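As a plain string of letters, each chain reads:
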Amino acid sequence: MKELLQLSAARLWEALEEGELSAAEAVGAYLDRIDEVNPNIHAYLTVREEVMDEAREVDRRRAAGEELPLLAGVPVAIKDNLSTRGVRTTCASRMLENYVPPYDATVVEKLRDAGALQLGKTNLDEFAMGSSSENSYFGPTRNPWDLRRVPGGSSSGSAAAVAAGLAPWALGSDTGGSIRQPASFCGIVGLKPTYGRVSRWGLVAFASSLDQVGPLTRDVRDCALLLEVISGQDDRDATSAAVAVPRYQDYLGKGVRGLVAGVPKEYFGPGVDPGVRWVVEAAIAALGREGVRVEEVSLPHSEYALSTYYIVAPAEASANLARYDGVRYGFRAAGAENEDLVTFYSRNRSQGFGAEVKRRIMLGTYVLSAGYYDAYYLKAQKVRSLLRRDFEEAFQTCDFLVGPTSPTVAFPLGERSDDPWSMYLADVLTVPVNLVGVPALSLPVGLSAGLPVGLQIIGKPFDEGTLLRVGRAVEELGLFKPVVVGGA
Ligand code: GLN
């Protein structure tokens, strides 16, 4: 049983295909593991018990010799800010506690069409705002490596589920690091695709110019496979790009000799924990020994990225979250309908949203308001252009950039929850990528103080292939042994 839970999704698929294993056995093993471990880790908000019937149906069709789609019978976990038809989608908010969407997100539909089976919906920081899961209305997820620590966020449940053997792989979303930082904290692989690579239709909007959906997996091959399944242009998302989707798996195993890596000197500043720096530098040196030419580069506007993000993201969030008024769906405060309209809205919204979401709405409304717009929002947009230029410059000479994903390893629960600024600092190395729109991969390359450290590999627009190629080469160095962690 334990061995089954260690399999990558691709290996699991092979085992199903070869008939070594039935879908019902695989799904049953995962459901048992969830029963045993989820009460401690709290990775899932909703477990779909009907998945067992779906698994039996796959087995029946396979036995009948029917042609099955690519991922038939492979289980997957879905972050609870992706719309799932008929399955509660809460965004870990009281506002949507009982919301059941009438439609699937495009990525969910693609997985369903590929035959993957949804195990359930995973915990997150409310509306994906946070870096620790402590902003979930339903209580935090715990890091399977150490239950007293945060799993990172906001794709907390997806990362913890994959690390703890509660799902072979999962979908997350990344607006400022929400796939990469929890992947780093939980010792798994996570990829934020190029803006426009993956459809955002049905992803509950946080900051629409930054949001992307992406994979959280145990290894790079799974990451390539899942990315391939969810990518592509979608008429329902005007920002999805009409760029052909390559066979990402073809990039694996090509080696890295001759590639040029840029190491941004700003990503090794004083805030970066010495243990993290040591592990990351060792990984970069190992890439050098594999024939990568390693060069120092500069992204001179990096120091402004965090402040820029915390203007742009709340501004967009304040507009996106205006729709939650308690009129047609979502939380409605008791007796609110007996009040005047303004009181009705304000009761619903002040009781339905948590503290961090309200903080973002206030920040965002402020930076967009007359008199402050030029000073904050417009200026932030200008800095965004400068950041873009920094990256373009670096990519003139480099095939990819490499540095830490997060300045620290997983921190203790409660350590930062009362201090928004120290929580925001956790995002300092991940937000530039979203502001610029380029893709980035995080993969584990070692331990510091017994906790995983992620290497962040940043690529040119739509060059996820190179990230996966480099990621696979790093994985083959064996700096980190993937394990399923966290007992009952
Ligand atoms: N931690 C960042 C924030 O709080 C990023 C969140 C995300 O990527 N969804 O905004």
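Above this text sits the structure in question.
In short, a report on the structure. Since the structure is predicted, the reported quantities are computational estimates derived from the model, not experimental observations.

### Here we look at the packing of aromatic side chains
Here's step 1: What the rule picks out here adds up to 18 aromatic pairs.
Here's step 2: Between Phe-127 and Phe-353, the aromatic rings sit 5.9 Å apart at their centres with planes inclined by 70°, giving edge-to-face as the arrangement. In this pair, Phe-127 is assigned in the loop between β3 (117-122) and α6 (156-163) and Phe-353 in the loop between α11 (341-352) and α12 (355-368), connecting sequence segments 226 residues apart. In this pair, the class of Phe-127 matches that of Phe-353, namely buried.
Here's step 3: Sitting over the ring of Trp-201, Arg-236 keeps its end group 4.2 Å from the ring centre.
Here's step 4: Over the ring of Tyr-251 we find Lys-254; its NZ or CZ atom is 5.1 Å from the centre of that ring.

### Let's talk about the site of the ligand
Here's step 1: Neighbouring residues of the ligand: 15 residues in total, closest Thr-175, Gly-176, Ser-178, Tyr-309 and Arg-360.
Here's step 2: At 2.8 Å, a backbone N or O of Ala-128 approaches a nitrogen atom of the ligand.
Here's step 3: In a pocket analysis with a 2 Å cut-off to the grid points, the ligand is assigned to the largest cavity.
Here's step 4: In terms of residue class, the shell around the ligand is built from 5 nonpolar, 7 polar and 3 charged.

### Regarding empty space enclosed by the protein
Here's step 1: On inspection of all chains with the given rule, the structure shows 1 cavity of 30 Å³ or more.
Here's step 2: Empty space within the largest cavity amounts to approximately 90 Å³.
Here's step 3: If you trace the largest cavity, you find 14 residues lining it, with Gly-130, Ser-131, Ser-178, Tyr-309 and Asp-427 closest to the centre.

### Details of the pattern of salt bridges
Side chains that differ in sign of charge can pair as their charged atoms come close.
Here's step 1: Counting across every chain of the model gives 26 salt bridges.
Here's step 2: Residue Arg-293 pairs with Glu-295 through a salt bridge whose shortest N-O separation is 2.9 Å.
Here's step 3: Linking Glu-475 and Arg-472 is a salt bridge whose minimum nitrogen-to-oxygen distance equals 2.4 Å. Of the two residues, Glu-475 and Arg-472 are both situated in helix α16 (residues 464-476); the distance of 3 residues between them amounts to about one turn of the helix.
Here's step 4: Overall, the relative accessible area of 22% leaves Glu-475 in the partly exposed class.
Here's step 5: Among the residues examined, Arg-472 registers a relative accessible area of 25% and is labelled partly exposed.
Here's step 6: Each of Arg-11, Glu-14 and Arg-221 takes part in a single network of salt bridges with overlapping partners.

### Brief notes about the nonpolar core
Here's step 1: Core analysis: the largest hydrophobic core is formed by 155 residues, its most contacted members being Leu-111, Phe-127 and Leu-455.
Here's step 2: Considering each element in turn, this core owes the most residues, 10 residues, to helix α3 (residues 23-41).
Here's step 3: The residues contacting Leu-455, other than those within four sequence positions of it, are Val-280, Ala-283, Ile-284, Val-402, Gly-403, Thr-405, Leu-441, Ser-442, Leu-443, Val-445 and Val-474.

### Observations concerning the pairing of strand β4 (residues 169-174)
Here's step 1: Burial analysis of β4 places 6 of its 6 residues in the buried class, which makes it a mostly covered element.
Here's step 2: Of the two faces of β4, the one lined by Trp-169, Leu-171 and Ser-173 and the one lined by Ala-170, Gly-172 and Asp-174 are each fully buried.
Here's step 3: One ladder, built from 2 bridges, connects strand β2 (residues 75-79) with β4; its direction is parallel. When the sheet's bridge partners are listed, Ala-77 is paired in β4 with Ala-170.
Here's step 4: Sheet topology places β4 next to strand β6 (residues 212-217); 6 bridges connect them, and they run antiparallel. When the sheet's bridge partners are listed, Trp-169 is paired in β6 with Thr-217.

Thresholds applied
- Residues numbered from 1 in each chain as written.
- Predicted model: local features only at pLDDT ≥ 70, side-chain atom pairs only at ≥ 80, totals over all residues.
- Heavy atoms only, no water.
- Phe/Tyr/Trp six-rings, centres within 6.5 Å; stacked < 30°, edge-to-face > 60°.
- Helix = DSSP H or I, 4+ residues; strand = E, 2+ residues; numbered from the N terminus.
- Buried < 20%, exposed > 50% of the residue type's maximum accessible area, 1.4 Å probe, protein only.
- Lys NZ or Arg CZ within 6 Å of the ring centre and 35° of its normal.
- Near = heavy atom within 4 Å.
- Polar contact = N/O pair within 3.5 Å; in protein donor to acceptor, adjacent residues only side chain to side chain.
- 1 Å grid on protein atoms, 1.4 Å probe; cavity = no way out; pocket = protein on both sides within 12 Å on 5 of 7 lines; lining within 4 Å.
- Sits in = over half its atoms within 2 Å of the grid points.
- Nonpolar A, V, L, I, M, F, W, Y, C, P; charged D, E, K, R; others polar.
- Points joined across faces, edges and corners; volume = space filled by probe spheres on them.
- Salt bridge = Lys/Arg side-chain N within 4 Å of Asp/Glu carboxyl O.
- Core = buried A, V, L, I, M, F, W, Y, C linked by side-chain atoms within 4.5 Å.
- Contact = heavy atoms within 4.5 Å.
- Pairing = 2+ DSSP bridges.

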